[in-house]
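# Structural characterization, general
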Amino acid sequence: MSLSLEVSVGKATTIYAVNGTEILLPCTFSSCFGFENLHFWWSYNSSDTYKILIDGTVKNEKSDPKVKLKDDDRITLEGSTKEKMNNISISLKNLEFSDTGKYTCHVKNPKENYFQHQATIFLQVVDKLEEVDNTVTLIILGVVGGVIGLLIFILLVKKFIAFIIKKTQEKKKECLVSSSGNDNTENGLPGSKAEEKAPTKV
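On a predicted model such as this, the values are computed, not experimentally measured, just so you know.

Okay, unusual backbone geometry next. In this model, Asn37 sits at a positive phi of 55°, which is unusual for a non-glycine residue. Its place among the elements puts Asn37 in the loop between strand 4 (28-30) and strand 5 (38-45). The phi dihedral of Asn113 falls on the positive side, at around 55°, and the residue is not glycine.

Structure (structure tokens):
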């Protein structure tokens, strides 16, 4: 039997948070076989410390997670497993610089032979978040936008000129046809509309 348990902490592998603030550490799981009495826990790992932050279970898809163990009062389980959300995210309040490290979300599913899967995210606690300079990006976007606008303008001008040329050519054709009809009339050619002169009386 193939195992389908998957755990995700989002696309970002590293997140930054300011000292003294609160951060949400995301974690979701999925299983094609469903789950029952699912076991989950979060662990923290730094260069010199390893500890279990929170430990709990989820009875089934209709139940919310139940916390059995919590190492720190600053930690709160924020997720819900109802309505197939399968969310076991946690929040960490009053961040300290010592909170910097790897946070791993573990899930073990008895329905899949107690198969275990986990995902890790790195938290970096900083004094302040650095502002990203978007000047270069804005310049590039401005140049690209200008080039696109110029191309659209050139296409519109070309279409307008083509339209004018077409109309001019149609008028020339009309003039040629009209001129040819007038010549035939003046020369009295067969099929022309020249007026017949009355016979001269003797």
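What follows covers the UniProt feature "transmembrane region" (unreviewed entry) in the chain. This chain's UniProt record puts "transmembrane region" (unreviewed entry) on residues 136-157. With 100% helix and 0% strand, residues 136-157 has end C-alpha atoms that lie 31 Å from one another.

One can find Thr57 in strand 6 (residues 50-58). Not counting residues within four places of it along the chain, the set of residues in contact with Thr57 comprises Leu38, His39, Phe40, Asp64, Pro65, Lys66 and Lys68.

Let us now look at the sheet that holds strand 2 (residues 14-18). In spatial order, the strands read 2-11-10-5-6-7; together these six strands make up an open sheet with mixed pairing. The sheet is open, and its two edges are formed by strand 2 and strand 7 (66-70), each paired on a single side. If you compare each strand with its neighbour and ignore which way they point, the axes differ by 20° on average. Judged from the five bridges that link them, strand 2 and strand 11 (residues 115-126) form a sheet pairing that is parallel. The residue of strand 11 that forms the bridge with Ala17 is Val125.

Analysis parameters
- Residues numbered from 1 in each chain as written.
- Predicted model: local features only at pLDDT ≥ 70, side-chain atom pairs only at ≥ 80, totals over all residues.
- Heavy atoms only, no water.
- Helix = DSSP H or I, 4+ residues; strand = E, 2+ residues; numbered from the N terminus.
- UniProt positions renumbered as here; feature names shortened; annotations may be inferred.
- Contact = heavy atoms within 4.5 Å.
- Pairing = 2+ DSSP bridges.
- Axes fitted to C-alpha atoms, helices over the stretch in contact; angles between N-to-C directions.

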